[in-house]
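Each chain, letter by letter, is given below.
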Amino acid sequence: MRVHVIGLGGAGGRIVDRLAADHDGDRFLQGASVFDTDMASLESLRTLDPDRRYRFGDAAGGDGLDGDLHAGRELGRAHASELSRAMDDESPSLAEAFVLVVGLGGAAGAGAAPALAAELGRLYDAPTYVFGVLPTAAETEAGRDDDSPRRPLAEKNAARTLEALSEHVEAVFPFDNAAWLKSDETIVDAYDRVNEVVSERVAALFGAGEGDDDAVTPQQVLDASDVARAVGDSGEVAAIGYATQPVEPPETESRFGLGLFGSKEPTKVDTSAAVSAIETVIRKATRGKGTIDVPGGRADRTLLVVGGPPAWLNREAIADGRRWLADETGSGAILSGDAPAPGSESVFAVVVRSGIDEPERINEIRNSIA
């Protein structure tokens with residue numbers, strides 16, 4: 001699935017910069033852009049070249065907005081068309097979807113996101129998804145003696161941004177920062193590690209159907225329509241689970257997908273080992289820590305993607321995993337795809353659930369403006 005990923009504000013910019021560091025050149029990453037009012041944040045990015053970073057909002061004077069979501073909304077409405085034009089050099093019309101990455105508790109990125117999403121919907125016949133980072137409760141607390149940023153309006157901003165985005169995007173993937181922090185770890189301490197986790201999840205979902213090796217064709221090809229069917233088109237919250245399991249590459253498999261002596265016969269893997277690996281990653285992706293907690297594990301719609309070395313993608317094990325996942329989530333039907341990756345040393349599973357009950361953290365954030 002070819003996506004144009006857009007980082008909005010400081011948090012969104014850092015995540016997209018990390019995504020580019022890990023995946024620039026991969027076929028799924030059709031484009032990558034970062035937009036911010038804060039010049040210092042843009043200049044701190046390490047990977048994206050300057051023509052993919054864009055400062056908007058001269059009224060902000062090159063600085064951030066200090067949590068003023070209203071100012072961010074005004075700037076977003078004034079500059080949405082300008083931001084869409086700033087992407088033109090990366091051929092956004094070729095993208096099958098747009099992914100906005102934004103810290104929902106901020107002002108510049110969160111403020112601009114609804115207007116930019118609306119503009120993209122007006123210009124392109126492609127869905128817009130949001131990967132939104134939730135603020136932690138600690139960020140709104142005053143008087144703490146650590147180096148976490150103080151953002152007293154973060155939860156209120158997030159609540160209002162979630163409400164506004166639901167009108168303009170097909171789905172929102174919230175990322176619960178607090179759930180990924182280690183004990184006694186601050187947001188600042190965790191930036192690099194958490195940004196890596198977010199980058200990994202974005203790539204796992206949207207890159208699953210865009211392998212770099214055309215010699216191996218998936219049994220069930222994952223495409224943009226599968227993701228769209230799974231997450232819906234009404235701005236619902238969706239959750240991503242992801243897990244990997246190291247495996248031993250078959251000794252006769254070469255980097256070109258052929259045997260050491262040029263044989264075209266498929267390499268063999270012990271069936272019980274393959275079944276165990278597939279079962280493990282599906283269960284870990286479903287029951288392990290996801291981007292957001294899924295109450296009761298249930299979902300109206302579920303998407304399963306299993307990938308890894310072709311010889312390890314046991315069809316019967318994947319079919320059994322689908323049946324287990326249907327029982328686990330209560331979904332009436334499970335959409336699925338596979339992602340063969342010759343040369344990989346692990347198998348992985350992505351589980352996307354939509355039509356879920358409202359997660360507790362989302363409910364807490366919404367109640368901040370009740």
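Calculation notes
Residues numbered from 1 in each chain as written. Predicted model: local features only at pLDDT ≥ 70, side-chain atom pairs only at ≥ 80, totals over all residues. Heavy atoms only, no water. pLDDT = per-residue confidence, 0-100. Contact = heavy atoms within 4.5 Å. Pairing = 2+ DSSP bridges. Helix = DSSP H or I, 4+ residues; strand = E, 2+ residues; numbered from the N terminus. Axes fitted to C-alpha atoms, helices over the stretch in contact; angles between N-to-C directions. Core = buried A, V, L, I, M, F, W, Y, C linked by side-chain atoms within 4.5 Å. Buried < 20%, exposed > 50% of the residue type's maximum accessible area, 1.4 Å probe, protein only. Polar contact = N/O pair within 3.5 Å; in protein donor to acceptor, adjacent residues only side chain to side chain. Expected span 1.5 Å × (residues − 1). Arc of directions from axis to C-beta. Salt bridge = Lys/Arg side-chain N within 4 Å of Asp/Glu carboxyl O. Right-handed = clockwise from strand over helix to strand, strands pointing away. Phe/Tyr/Trp six-rings, centres within 6.5 Å; stacked < 30°, edge-to-face > 60°. Lys NZ or Arg CZ within 6 Å of the ring centre and 35° of its normal.

### Remarks on the confidence of the model for the chain
- Taken as a whole, the chain shows an average pLDDT of 90; of its residues, 91% reach a score of 70 or greater.
- Considering only residues more than four positions removed or in separate chains, one finds that residues 258-263, a stretch of pLDDT under 50, has eight contacts.

### Observations concerning the sheet that holds strand β7 (residues 236-246)
- Strands sit in the order β3-β2-β1-β4-β5-β6-β7-β10-β8-β9 across an open sheet of ten strands; the sheet is mixed. Only two strands of the sheet have a single neighbouring strand rather than two, namely β3 (53-55) and β9 (334-340). Between one strand axis and the next, the sheet turns through 20 degrees on average, direction left out of account.
- Note that strand β6 (residues 171-176) and β7 share two bridges and pair parallel. Following the sheet pairing, A171 is matched in β7 by E236.
- Lying on the sheet, helix α4 (residues 108-123) is in contact with β1 (3-8), β2 (29-36), β4 (97-103) and β5 (128-134); it crosses β4 at an angle near 165 degrees.

### Quick look at the nonpolar core
- Within the largest apolar cluster, 49 residues are counted, with the highest numbers of intra-cluster contacts made by Y129, F173, L205, F206, L303 and V350.
- In terms of residue count, the dominant contributor to this core is helix α7 (residues 187-206) (nine residues).
- With residues near it in sequence (within four places) discarded, F206 still touches M1, V3, F28, V99, Y129, F173 and V227.
- Listed in part, the 41 residues of the second largest apolar core include A113, L116, V169 and V294.

### Re the side chain of S84
- Within the element layout of this structure, S84 appears in helix α3 (residues 69-86).
- Assessed through its relative accessible area of 4%, S84 is described here as buried.
- A polar contact is formed between the side chain of S84 and the backbone oxygen of S81, at a distance of 2.7 Å.
- Excluding its chain neighbours within four sequence positions, the residues that come into contact with S84 are L116, E119 and L123.

### Quick look at helix α10 (residues 315-329)
- The end-to-end C-alpha distance of α10 is 21 Å, a good match for the 21 Å that 15 residues give at a rise of 1.5 Å each.
- Looking only at α10, the buried set comprises A317, I318, G321, W324, L325 and T329. On an axial view of α10, the arc spanned by its buried residues comes to 120 degrees, and they lie on one face. Structural note: α10 exposes E316 and D327 on the side pointing more than 90 degrees away from its buried face.

### Details of the pattern of salt bridges
- If you walk through the whole model with that rule in mind, you get 22 salt bridges.
- Among the ionic pairs, R323 bridges to D320, the shortest N-O distance being 2.2 Å. Placement of the pair is R323 and D320 together in helix α10, with a separation of three residues, close to one helical turn.
- On the basis of relative accessible area, D320 is assigned to the partly exposed category, the value being 35%.
- Look at the salt bridges and you will find they share partners, linking D24, D49, R52 and E90 into a network.

### Considerations on the pairing of β1
- For β1, a buried count of six out of six residues is recorded, marking the element as mostly surrounded by other parts of the structure.
- Burial of β1 is two-sided: the residues V3, V5 and G7 facing one way and the residues H4, I6 and L8 facing the other way are all buried.
- Where β1 meets β2, six bridges bridge the pair, whose relative direction is parallel. If you follow V3 over to β2, its bridge partner there is L29.
- A crossover connection joins β1 to the parallel β2 through helix α1 (residues 9-23); in handedness this β-α-β unit is right-handed.

### Observations concerning the pairing of β2
- The buried fraction of β2 amounts to eight of the eight residues, a majority that puts the element mostly inside the structure.
- Bridge count for β2 against β3 is three bridges, and the pairing is parallel. Bridging across to β3, V34 finds its partner in R53.

### Some words on unusual backbone geometry
- Positive phi is not limited to glycine here, since S91 has a value of about 50 degrees.
- Along the chain, S91 turns up in the loop between α3 and β4.

### Some thoughts on helix α8 (residues 224-231)
- Residues of α8 that are buried include every one of A224, D226, V227, A230 and V231, and no others. Looking straight down α8, one finds its buried side chains confined to an arc of 160 degrees; they lie on one side.
- Downstream of α8 by one or two residues, G232 has phi in the positive range, about 80 degrees.

### Some points on the packing of aromatic side chains
- If you walk through the whole model with that rule in mind, you get nine aromatic pairs.
- On the basis of an interplanar angle of 90 degrees and a centroid distance of 6.4 Å, the ring pair of F173 and F206 is categorised as edge-to-face. One end of the pair, F173, is in strand β6; the other, F206, is in helix α7, and 33 residues separate them in sequence.
- For F173, a relative accessible area of 1% translates into the label buried.
- Residue classification places F206 among the buried positions, given a relative accessible area of 1%.
- Through successive ring pairs, a cluster of aromatic residues spans Y129, F131, F173, F175, W180 and F206.
- Looking at R14, its charged tip hangs above the ring of Y191, at a distance of 4.2 Å from the centre.

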